[in-house]
Amino acid sequence: MIMRKCLRLRSITMMMLVAVLVWSVTLETCIARRGRHWRHNKRRSCDLSGSLSSKKPKSHGNSHHSSHNNNNSHHHKSKTKLKPKVITPPKVDENNSPVVSGLPKVKPPSLPPLNESQVFNVMDFGAKGDGKCDDTKAFEAAWAAACKVEASMMIIPSEYTFLVGPISFSGPYCQPNIVFQLDGTIIAPTDSKSWGKGLMWWIDFTKLVGIKVQGKGVIDGRGSGWWQQYYPFIDGETKLIIPLNNSVNHNPPRSEFDLKMPNIKPTALRFYGSIGVEVSGITIQNSPQCHLKFDNCGDVVVHDMTVSSPGDSPNTDGIHLQNTRDVLIHSTTLSCGDDCISIQTGCANVYIHNVNCGPGHGISIGSLGKDSTKACVSNITVRDVAMHNTMTGVRIKTWQGGVGSVKGILFSNIQLNQVQFPIVIDQFYCDHTTCKNQTSAVSVEGVTYERIKGTYTVKPVHFACSDDFPCVNVQLSAIELRPVQEKYHMYDPFCWQTFGELNTPTLPPIDCLQIGKPARNRVQSDHDAC
């Protein structure tokens, strides 16, 4: 009897266990059907980071959904099972920035977080900020203090205007990685006494490592007092600009105020002998001469800044590069009375993109080789640039009698609006009324023009190359330039001693380009070559 009861109890227990197992399997199936992506979404962030860090994504049930769109809802349904696409992530540098072939290797300064002992406000050093009192000494004192502290910040606060005379922030003994935070306005003196017999610069940063000038402030050179003294002003191609009514534009007479200013005109902001330079955010306006100049510098970055001067303000280059390497300029607006960007001798590895230029004289390499000097420029890229109402577009200009070379130049995706001379190579550059004819020249080779499009008002192409050192390997493709009759006599494309290739049809046809290489070409001596 007892045995029967035990067997019966064991049978009931087994039946209950089977029922529980069946119920649990059914419940798990229902849960899985109601939320089939739950397991996958729980692992999605890990799977995504794994797919980006390895060459091949992990293969699992729904890897396409994960890698294709991180931001889609986890309820997204895909009826078609697609084969996962293998994506190779772009190479990045130590700052997690994409590495693009052909760009200069520029490493921005790495700045640690600031504390109170690293911040130096000019107001704490006696600056008034009323635009009338001379704040030069306060700026010098603030810099002297900041100079002693690594990764310090000198602050020029907003809502103040500071009158500052010629000043040099020198740094042979300064600590590295100083930030010049400019949020207020700095104005230059307009009396001749402040400038003595004349200076080459107004605000100067010399021999620094990791210097950064940033902010939303303004540097105002108030240079109109100097501009009248430049006349007559000649810039190479201006002699080809002939008004239809044969009238001549006379420059206004000098005023009594203008004659008091020194003959030497200062650059507004100059960097000399510095490494790891960055300029961003600020506005430089109305400089007596160049607005922003880099001389003997390396690892330079300029971005999101503005240069603003009238189109008739003479010799007011926007950005001037000289003996400077590894330069990146982007996301910048430049309006001035001379070259928006001027690239001089000793420059290499310069990358310029996403720049708005105009008014001004376009982006120029040169002038080079003046007074029979040697000039070397190489590996320059200018792309994704918009120009409007400028005299020239993209230009190379060299003097007769110079030596050296310009090579490895790319002008790509340049959009032009009413530009007088969109494409220029001029090996007979002369900013005087007349210049002496000479046989030697700075050679020009390996220049590519691609996707240069827009409108012109005088001449679409002007290639004037040396008889003894012709321009070689000039490549043209996707050139579309349409005339807009304004007020000047118009010309057809012009070529002299220019050799290269037409890779696509051009508008207008540039039939004057000689295909191939010259039959003979003088070779520069080892002393003259770069």
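As the structure is a prediction and not an experimental result, all values here were calculated from the model. (Residues numbered from 1 in each chain as written. Predicted model: local features only at pLDDT ≥ 70, side-chain atom pairs only at ≥ 80, totals over all residues. Heavy atoms only, no water.)

1. Looking at the overall build of the protein
- When helices and strands are counted, the protein shows 6 helices and 31 strands.
- Counting every position in the protein, which comprises 530 residues, the buried fraction comes to 47%.
- Contacts in the protein between residues far apart in sequence, at least 24 positions, make up 77% of those at least 6 positions apart. (Helix = DSSP H or I, 4+ residues; strand = E, 2+ residues; numbered from the N terminus. Buried < 20%, exposed > 50% of the residue type's maximum accessible area, 1.4 Å probe, protein only. Contact = heavy atoms within 4.5 Å.)

2. Topic: the UniProt feature "active site" (unreviewed entry) in the protein
- Sequence positions flagged by UniProt for "active site" (unreviewed entry) are, in local numbering, His361.
- Within the element layout of this structure, histidine 361 appears in the loop between strand S20 (347-357) and strand S21 (363-368). (UniProt positions renumbered as here; feature names shortened; annotations may be inferred.)

3. Quick word on the packing of aromatic side chains
- With the rule as written, the count across this model stands at 13 aromatic pairs.
- Centroid distance phenylalanine 139 to phenylalanine 162: 5.5 Å. Interplanar angle 65°. Geometry classified as edge-to-face. A residue pair is termed long-range when its members are at least 10 positions apart, and phenylalanine 139 in helix H5 (residues 136-147) and phenylalanine 162 in strand S4 (residues 161-163) qualify at 23 residues.
- When its relative accessible area of 1% is taken as the criterion, phenylalanine 139 is described as buried.
- Residue class for phenylalanine 162 comes out buried when judged on its relative accessible area of 0%.
- Taking the centre distance of 6.1 Å and the plane angle of 40° together, the rings of tyrosine 160 and phenylalanine 162 count as tilted.
- Using a relative accessible area of 34% as the deciding quantity, one classes tyrosine 160 as partly exposed. (Phe/Tyr/Trp six-rings, centres within 6.5 Å; stacked < 30°, edge-to-face > 60°.)

4. Let's talk about the pairing of strand S22 (residues 374-388)
- By the bridge criterion, 9 bridges tie S20 to S22 in an arrangement that is parallel. When the bridges of S22 are listed, cysteine 357 appears paired with methionine 387.
- Pairing geometry for S22 and strand S24 (residues 403-419), over 13 bridges, is parallel. When the bridges of S24 are listed, alanine 375 appears paired with glycine 404. (Pairing = 2+ DSSP bridges.)

5. A word on H5
- For H5, spanning 12 residues, the distance from its first C-alpha to its last is 16 Å, which sits close to the expected 16 Å at 1.5 Å a residue.
- Along H5, the positions that sit buried rather than exposed are Thr136, Ala138, Phe139, Ala142, Trp143, Ala145, Ala146 and Cys147. (Expected span 1.5 Å × (residues − 1).)

6. Comments concerning the nonpolar core
- Of all hydrophobic cores here, the largest spans 96 residues; its most connected members are Phe139, Phe205, Phe271, Phe294 and Tyr449.
- It is H5 that contributes the most residues to this core, 7 residues altogether.
- Aside from chain neighbours lying at most four places away, what touches phenylalanine 294 is Phe271, Val277, Val279, Val300, Val302, Ile319, His320, Leu321, Gln322 and Thr324. (Core = buried A, V, L, I, M, F, W, Y, C linked by side-chain atoms within 4.5 Å.)

7. Points about the pairing of strand S25 (residues 421-426)
- Taking burial as the measure, the 6 residues of S25 include 6 buried ones, the bulk of the element.
- With 5 bridges connecting them, strand S23 (residues 392-398) and S25 associate as parallel partners. Looking across to S25, one finds that isoleucine 396 is bridged to isoleucine 425.

8. A look at the pattern of salt bridges
- Summed over all chains, the structure comprises 5 salt bridges.
- Of the charged contacts, one joins aspartate 204 and arginine 270 as a salt bridge, the two residues approaching to 2.6 Å between their closest N and O atoms. With aspartate 204 in strand S8 (residues 201-206) and arginine 270 in strand S11 (residues 267-272), this residue pair connects regions lying 66 residues apart in the sequence.
- The class of aspartate 204 is buried, set by a relative accessible area of 2%.
- Judged by its relative accessible area of 16%, arginine 270 is buried.
- Arginine 395 serves as the salt-bridge partner of aspartate 339, at 3.0 Å between the closest nitrogen and oxygen. One end of the pair, aspartate 339, is in the loop between strand S18 (325-335) and strand S19 (341-343); the other, arginine 395, is in strand S23, with 56 residues separating them in the sequence. (Salt bridge = Lys/Arg side-chain N within 4 Å of Asp/Glu carboxyl O.)

9. Here we look at the sheet that holds S19
- The strand order across the open sheet built from 11 strands is S5-S8-S11-S14-S17-S19-S21-S23-S25-S27-S29, with neighbouring strands paired in parallel fashion. Every interior strand has two partners, whereas the edge strands, strand S5 (167-170) and strand S29 (494-496), have only one. Recorded for the sheet is a direction-independent mean angle of 15° between the axes of neighbouring strands.
- For S25 and strand S27 (residues 461-464), the ladder comprises 4 bridges, and the chain directions are parallel. Looking at S27, one finds that isoleucine 425 is bridged to phenylalanine 463.
- Strands in contact with H5 are S5 and S8; relative to S5, the strand with the most contacts, it is inclined by about 0°. (Axes fitted to C-alpha atoms, helices over the stretch in contact; angles between N-to-C directions.)

10. Here we look at the state of the cysteines
- Applying the stated rule across the entire model yields 6 disulfides.
- Cysteines bonded in the protein are numbered consecutively along the chain; their disulfide partners then correspond to 1-2, 3-4, 5-12, 6-7, 8-9, 10-11.
- Of all cysteine sulfurs in the structure, the one in cysteine 336 sits closest to cysteine 290, which takes part in no disulfide; the separation is 9.3 Å. (Disulfide = S-S within 2.5 Å.)

11. A few points about unusual backbone geometry
- With an omega of 0°, the peptide bond between glycine 358 and proline 359 qualifies as cis.
- Of note, the bond from leucine 507 into proline 508 is cis; its omega dihedral lies within 30 degrees of zero at -5°.
- Within the secondary structure, proline 508 is located in the loop between strand S30 (498-502) and strand S31 (514-515).
- Backbone geometry at glutamine 418 places phi at a positive 55°, although glycine is not the residue there.
- Mapped onto the elements, glutamine 418 comes out in strand S24.
- Unusually for a residue other than glycine, alanine 478 sits at a positive phi of about 55°.

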